Structure formats: C-alpha cells, structure tokens
Amino acid sequence: MRLSVTARIALLSIALAIVTNLVLVGVVWRQGDNAAMQAVRRETIEKSDAMRALYRSGGLAAVTTAIDGARAPGDVSLLLAVLDGAGNRLAGFAPPRPAVTLVPTSFRVADIDSSTATRDVGYALHPIGRYWLLTGRSLDLVEAEQRAIERALGLAVVLSLALGIGAGLVLARFVGGRLDRIAAVIEAVGEGDLSRRVPVDAGGGDAFDRLAARLNLMLGKLERLMAELRVVTDSLAHDLRSPLARLRTKTEQAVLMADPAARDVALSNLLIETDLVMAMLTTAIEISRSEAVSRDRFTAVAPAELIEEIAELYEPVAEDAGLAFVTAIETRPPAMKVHRELLSQAIANLIDNAMKHGAAGGAVTLRLLDAVDGLAIQVEDRGPGIAEADRAVAMKRFGRLDSARTTPGAGLGMALIEAVARLHGGRYELADNAPGLIARIVLPR
Amino acid sequence: MSRKILIVEDDSSTAAYLAKGLAEAGYAVEACKDGRDGLFLASEGIFDLIIADRMLPGLDGLAMVSAIRGAKITTPILVLSALAAVDDRVDGLKAGADDYLCKPFSFAELSARIEALVRRSDRTATEPQKTKLAVGDLEIDLLSRIVTRAGRSIPLGAREFNLLEFMARHAGQVVTRTMMLEKIWNYHFDPGSNVVDVHIGRLRRKLEDGFESPILHTVRGAGYRLAQEAA
C-alpha cells in the first residue's frame, strides 16, 4: 500500500512534468510556425508592392532589370517573375509555367509547380499592364527551419520525459523516505513499542515535521495513558488483594462461628469489607472515566462557594478527630466551568489524605488562593510531610510511599485527584509546608 | 391495600432477589424482563413505583424511562444500574428517573429509597404545602426555621436545619447516609471518614441533650431514623 502510494506520487509527478512540457513545446512549435509564415507573407507583399511601384515609374524594363538584380547568389527559394497574359514566364525566377490562376491575389499558399516535387510556395499575383507580376517564396526553407525546430522540440520532449521521470523518482523517494520514517514508528508502536518517536529536525517546520511532531505528541499521550492504565490495573489488583484476603479470612471465621450473635457481628464486618472493595472499584471507574469526560458535563460554579460547601462538610469531621480545621478563602473569583462533583471529590480526597497522614500536626487548612498561573485549591497539614526526594514518587500515579501502604486505597485517591486536575486542564502538586505538606490543585483561570 | 411495585430487570437472579425482598417488606411485586414490556405495564398506571435496570433488551432502560415520562405517567421510577459513575447518574435523572442506585446495592439502602419515593408521591398527592413539621414533641417551623422540642427552642446551623427537615419529612422511615449526602449536600461520591455520622452526631446531641427520650435513632447497617419511639 505504502509502496503503491509512492509509485503513484512518482507517476503523478512524471505525468505532470510531461504534460507541462508538451504544452510548452506545442506552444513554441505553433508560434514558430506562425512567425515563419508571417515573415514569408510580409516579404512577399513588400516585394510585390515595391515591384509594382517600380513598374509604375519605370515600366516593364525597370521591373525586369530589378528582378535580375533581386536574387542574391544561392537564393533558390525566391519567386519573382513577370508572366504574360497566358500565364507563361516572361522573365524572372519561377517555373516556366506556374500553376496559378490569373486573378489578383494578395497572398496565397499553393503548389505552383506540379512538374517537380517541390513544396508549397507562398505567393502574390498582381497585374502590371498586360502582364502579371508574381512574387513569393518557396516554403522549403521555412519548412526546413520548422523541422529543425521540431527536432529540437522533440528532443526537448524526450529530455523532459527523462527529467520528469527523474524528478518523479526523486520526489517519490523524498516523500517516501519521510513517510517511511513515520510509518516505521507507527509500525513499531503497533507492535507494542510505545516509546518510539519520529525524529524531528530541530529547525524543520515543513508539513512532514509538523505531522511528525503531532504524531509524537499523540504517542506521548498514548504512552502515558498506557503506562497509567498498567499502573492502575497493577495497583488495583494489588490494592484489592488485601481487602479481599481479609474478606476471605473473615468469611472463613464467620462460617466456623458457633455463637449466632458473634456470627452476626462477623457477617456485618464482612459487609464493611465488601463496601471498601466496592468503593475502590467505583473510584477506579471514576478515574478512568475522568480521562474522557466531555466538557458539557461542566457547570458554572463559584470556586469560593464550592470550597465553603466542602469545608462545611469536613469541619466537624476534622474537629471530632481532634484537628483544628481552618478555611481560608483568599480570593473570590467569578464562577468558572468545572465538573462540580469530580472537583468536590478531589478536594474531599485532599482533605481526607491530610486528615489521615497529617493528623499528627493537629491542624488542617483548606485554602483558596490566586497562584501565578491560575487558581490554587490547597490543603495544608502540619504532619510529617513528604521529603522533597520522595515527592516525585508520591506524585507518580499510584506510586505510594511505603509509609502509606497500610492505608488501603490511598493510591487511588491520589490518582483521582490528579485525573480531576488534568480534566480541568490544571495540575496536582505537592509542596513543603515547613513543617507539613501542601497538596495543591491548580486550575487554569 | 399493599403497594404495587414493577420490576423491570433482565437478570433473573437480581429480579428474584428483589422480588423476594420486596414481597417480604410487604409490597406486591410484578416483574418483567425487557423495556418494551416494562413500558407496556407501566402505561397501565397501576403501580406505585417502578424499579428499572439500565441495560435492558428490547428497549434500553433510560429510553424506557423517557418514554414513560413522555406518556405523562408520573409513577416514581428508581433506576438500578451497574453504571456507577457520577455522570451516569446525571444521565439517569435527566431521563426522568426519581432516584438512581448503583449495583451492587444493600437491600437496606434500596428499601429506604423505595419507601422515601412511595411516601413522597403520597405526600404530594395529599398534603402539598406544609409550613410546620412535627415528630413527637419536636416541632419544625419551615418558614421561620425555628426548631423546638417540648417547647424549648433548639438553635441549629443552616445545614443542621436542612438535615433535620429532610429527616422529619421522612419521619419514621430509614434515611441512609448516601441519601443524605445526595439530598443535603448534593454529593454523589463517598466522602469517607464517616462524614455523615459526624454531622448526625452533632445534630443528635442538640436534639437529645437535656431531653429524656432519644429521637434520632441509628438503624444498624442502614442509616438513621427520626421518630419519637424506637422501632
């Protein structure tokens, strides 16, 4: 398929070269032909006029004298003669009895000498007294010139054919080469090597470079999504293993319990474990969905109000857990289009994380503020924080810190926050609260 | 006369589970397996509630709901679906469903929601505009937003008032945590950390501290119930 496209490009460019050259040659040929004929016509008419003027001033004698001297040596194509009333040549250069009809003719092309194999002549015929003046020129020379031009043009056609084929092949090679580089990458990606990229020339900005750049962008996103998918699947399986293992153990224990009351308690614990697994699955679905949520699910929400609602929900929870909960609204931007539900859930996760991992600090702050490049929603705690070196690991999707391993599903929570931030065109980042951690969603304004 | 519930569900084990549980709860149950039959039965207008699955053969569940609403049938509809994302729920409610519950569900959750839906349609039929709600010795003035119990005024925050009003409107019924999250806070995700329990705990302290009898009861494995007497 790819080859045939290259071949088609080559053929097309060859065909185009040939057509343009043929048109050019045709025009040159026609123009040349016309110009030669025009020259003969002009010369014939001029000569005829001159001779008739001479006749009027000097009579037949002057004309015949002029005719004798008019022919340059070696000029065999000139036709210049005086004919009598019967059409026979009296004097000058012409066949003895030219095959012309004796009527005044200003210019005509005809074969006037049927006896020989000579070509057409262009001639003029005008009466002078009792005689007729025949002027003209054999077209032999014109045709010879024409043939020379034709030969040259023919050569040009052949040459243009060769050049066209050459150009076509070069073009096809060039296009094919560029496309092959892209196709090779696509092929490799198709076979599973998502890390391949099309080499792009640094300064090149042609269509192929743009195509390659776009393709690389797409592959980058594809690779990232694939990697995330793999991590999600892995960690989901990993995260699900422990609650399911607990579920299994507890079920086993419940089955073996003799006391009905104790069995009831054990069974309701099973329900709690099951709900935990369900909640994790729901979050996982929400994450994967949020990669492809369409913008029409967004509604206009005033960010400050959204924050206040969440704060209202969590403040008593934090206080019951012995944490001071502070809500700091530092800016009140106008309503913006967000996915209220998902953004709320992401913020809830931020707070939940802070309460789980930063509880030691005794305080959690939910803050809305203007950042350099957008609107920041951040949750600050005074807990142990995350060391600078570990932050990248913490941010990496599902790459949970070992200290967090005991809390099931925490990785999913992080992943959801990140997915929601990205859905809104923003980002999720961690910073140092010295001491403690700042977890921040930055939304573009 | 017992209330009639139509179950439109193609999965026979779920349908049997629903039918059995609802029959035990005192409902008369009819079941069918596809959307076309569901629409046909619903158009008789004899049901108090329709429970519809989303993915149905014949006519898709949401299309069926839209068609039922298009036919001006106002029977409350509860959509049951394995499609659990936030936006799926929005689609369900947009189609005209009154409630949306994700599979798998706890029966306690389902039955609380069914009761709420059935009672709501009763209420709108009989007592459209109420300005005062009373549960035992608890009185709630919806206009002045003043709550009194046994004549003593109880100051409540705005959200606490909404929470109490919601529970009072469903007095005697079980109200689940997710129902409260959905109706009071308009959140459809699980915020974790027993968020609702904390709010209920605060409300309960205000309603019960200094009074003899409890009025806000915890229903284990299901939710809460506002009633004068323990069930």
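Coordinates for the structure precede this section.
What you see is a predicted model; the values in this text were computed from it and never measured.

**Considering the overall build of chain B**
Helix and strand counts for chain B stand at eight helices and twelve strands. Across the 231 residues in chain B, those meeting the buried criterion constitute 39%. Considering only contacts within chain B whose residues lie at least 6 apart along the sequence, 57% involve residues at least 24 apart.

**A look at the sheet that holds strand 7 (residues 138-141) of chain B**
Residues and elements named next belong to chain B. The strand order across the open sheet built from four strands is 6-7-8-9, with neighbouring strands paired in antiparallel fashion. Looking along the sheet, the strands with just one partner apiece sit at the ends: strand 6 (132-135) and strand 9 (152-154). The average angle at which neighbouring strand axes cross in this sheet is 25°, direction not considered. Sheet strands in contact with helix 6 (residues 158-169) are strand 6, strand 7 and strand 8 (146-149), and its direction is about 70° off that of strand 6.

**Topic: unusual backbone geometry**
That bond from A:Ala434 to A:Pro435 is cis: its omega, -5°, falls within 30 degrees of zero. Along the chain, A:Pro435 turns up in the loop between strand 11 (427-432) and strand 12 (437-443). Here the bond from B:Lys103 into B:Pro104 is cis, since omega is -5°, no more than 30 degrees from zero. Summarising the element assignment, B:Pro104 is placed in the loop between strand 5 (99-102) and helix 5 (107-126). A positive phi angle is found at B:Lys72, which is not glycine, with a value near 60°.

**So, the nonpolar core**
Core analysis: the biggest nonpolar cluster contains 106 residues, and A:Ala346, A:Ile351 and B:Leu78 have the highest contact counts within it. Ignoring sequence-local partners within four residues, the contact set of A:Ile351 consists of A:Tyr314, A:Val364, A:Leu366 and A:Val379. Listed in part, the 23 residues of the second largest apolar core include A:Val63, A:Leu80, A:Val121 and A:Leu139.

**Some remarks on helix 6 (residues 340-357) of chain A**
Because each turn of an α-helix spans 3.6 residues, side chains separated by three or four positions end up pointing in the same direction. When the terminal C-alpha atoms of helix 6 of chain A are compared, their 25 Å separation across 18 residues agrees well with the 26 Å that a helix rising 1.5 Å per residue should span. Burial runs high along helix 6 of chain A: 16 of the 18 residues are buried.

**A short note on the packing of helix 5 (residues 303-320) of chain A against helix 6 of chain A**
All names here are of chain A. Across the interface, helix 5 lies against helix 6 with an axial gap of 10 Å and an inter-helix angle of 35°. Where helix 5 crosses over helix 6, the handedness of that crossing is right-handed. Seen from helix 5, the contacting residues are Leu 306, Ile 310, Tyr 314 and Ala 318; seen from helix 6, they are Arg 340, Leu 343, Ser 344, Ile 347, Ala 348, Ile 351 and Met 355. Per-class residue counts for the contact of helix 5 with helix 6 are nine nonpolar, one polar and one charged.

Conventions and cut-offs
Residues numbered from 1 in each chain as written. Chains lettered and ligands numbered in written order. Predicted model: local features only at pLDDT ≥ 70, side-chain atom pairs only at ≥ 80, totals over all residues. Helix = DSSP H or I, 4+ residues; strand = E, 2+ residues; numbered from the N terminus. Buried ≥ 20, exposed ≤ 12 C-beta atoms within 10 Å, placed from the backbone. Contact = placed C-beta atoms within 7 Å. Pairing = 2+ DSSP bridges. Axes fitted to C-alpha atoms, helices over the stretch in contact; angles between N-to-C directions. Core = buried A, V, L, I, M, F, W, Y, C linked by C-beta atoms within 7 Å. Expected span 1.5 Å × (residues − 1). Left-handed = near helix turned anticlockwise from the far one by under 90°. Nonpolar A, V, L, I, M, F, W, Y, C, P; charged D, E, K, R; others polar.

Keep in mind these numbers describe shape, not what the thing actually does.
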